[in-house]
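Now for the letters of each chain:
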Amino acid sequence: VSRDGLNQTAQDYLQRERAALSALPLDTLSRIAGLLDDARARGAGIYVFGNGGSAATASHLACDLNMGTRDAGDDRFRVVCLNDAVPTMLAYSNDIGYDSVFVEQLRNFVQQGDLVIAISGSGNSENVLRAVELANDSGAHTIGLTGFDGGRLARIAHTALVVAVHDMQIVEDAHLIITHILYKHFVANSVLPLTMAVSGTPPAPLRVRA
């Protein structure tokens, strides 16, 4: 592979990446931040899941919100990433079918007022859609992060953020950046200094209310 060829690929990709990010619906992202903050304040469960690259983003979001925004004196996020439960997913997949790996887990947990975040680049993953439908029926608020034309997920989720480009890698990049924007928004209210997220500097001791 020639250096010139790689440079051109990189320039083209970054140009499309910038265009996708500049077109993000920030009003929808602000609404999602508000829903997450409300769920944290109420002690509601937050469930997130996806397949493939979306599963990695879901797991990353759960880690960032649960650990990165912790504060012993304030309300904490209660985020569960369903695709992190690999043995459970394999059991449902083997005994029932892969389309059931998320919905069957949600049946055990989801309650009215919970928040359910479904991530699907295409918006058409059947196992994701089934879980969202159950969450809607259970009185949870559903959020869909999707791409392309939004797929079915954008139509059935209560709140949908669509990265409207027809490139799965750009969509997945944007979804991860969206989760990092949310993290940066909430970390300002954490005892962890913002520099820790960049430098890895150990945090100050957690505050404890008297």
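What this report covers is the structure whose coordinates are included nearby.

The helix and strand tally for the chain stands at 9 helices and 5 strands. The N-to-C order of helical and strand elements in the chain reads α-α-β-α-β-α-α-β-α-β-α-β-α-α. For the chain, the residues scored as buried account for 44% of the 210 residues in total. Counting only contacts in the chain whose residues sit at least 6 apart along the sequence, the fraction spanning at least 24 positions is 68%. In the structure as shown, the chain presents an accessible area of about 10500 Å², 53% of it carried by carbon and sulfur atoms.

This paragraph deals with the packing of aromatic side chains. Using the criterion set out here, one finds 3 aromatic pairs in the structure. Between Y47 and F109, the aromatic rings sit 6.1 Å apart at their centres with planes inclined by 20°, giving stacked as the arrangement. Of this pair, Y47 sits in strand β1 (residues 46–50) while F109 sits in helix α5 (residues 103–109); the two residues are 62 residues apart in sequence, bridging distant segments of the chain. Under the relative-accessibility criterion, Y47 is labelled buried at 8%. Taken together, a centroid distance of 5.0 Å and an interplanar angle of 75° make the contact between F77 and F186 edge-to-face. Of this pair, F77 sits in the loop between α3 (53–68) and β2 (79–81) while F186 is found in helix α8 (residues 168–187), placing the two residues 109 residues apart along the sequence.

In this section: the nonpolar core. L36, I46, V48, I117, L161 and V163 are the most contacted members of the largest nonpolar core, which totals 31 residues. Elements that contribute at least two residues to this core include exactly α2 (26–42), β1, α3, β2, β3 (115–120), β4 (141–147), β5 (159–163) and α8. Filtering out sequence-adjacent residues up to four positions away, V163 remains in contact with A20, L24, T146, G147, F148, V171, A174, H175 and I178. Formed by 21 residues, the second largest nonpolar core is a distinct cluster that contains V101, V103, V116 and L129.

So, about the sheet that holds β2. Pairing is parallel in the open sheet, where 5 strands are placed in the order β2-β1-β3-β4-β5. Bordering the open sheet on either side are β2 and β5, each of which pairs with just one other strand. Strand-to-strand, the axes of this sheet are offset by a mean angle of 15°, without reference to chain direction. Two strands pair when backbone bridges link them, and β4 and β5 are joined in this way by 5 bridges, in the parallel orientation. In the strand pairing of β5, T146 is matched with V162. Of the strands in this sheet, β1, β3, β4 and β5 are in contact with α2, which crosses β5 at around 140°.

When you line up the elements, Q105 lands in helix α5. Beyond its immediate stretch of four places on either side in the chain, Q105 contacts L82, A85, T88, M89 and Y92.

Further remarks concern the environment of A118. When you line up the elements, A118 lands in strand β3. A sequence separation of 26 residues divides A118 from G144, and the C-alpha atoms of the two residues are 4.9 Å apart. Non-local contacts of A118, meaning those with residues more than four positions away in its chain, are made with F49, V128, V132, I143, G144, L145 and L153.

Basis of the calculations
- Residues numbered from 1 in each chain as written.
- Predicted model: local features only at pLDDT ≥ 70, side-chain atom pairs only at ≥ 80, totals over all residues.
- Heavy atoms only, no water.
- Helix = DSSP H or I, 4+ residues; strand = E, 2+ residues; numbered from the N terminus.
- Buried < 20%, exposed > 50% of the residue type's maximum accessible area, 1.4 Å probe, protein only.
- Contact = heavy atoms within 4.5 Å.
- Areas by Shrake-Rupley, 256 points an atom, 1.4 Å probe, with all protein chains shown as cover.
- Phe/Tyr/Trp six-rings, centres within 6.5 Å; stacked < 30°, edge-to-face > 60°.
- Core = buried A, V, L, I, M, F, W, Y, C linked by side-chain atoms within 4.5 Å.
- Pairing = 2+ DSSP bridges.
- Axes fitted to C-alpha atoms, helices over the stretch in contact; angles between N-to-C directions.

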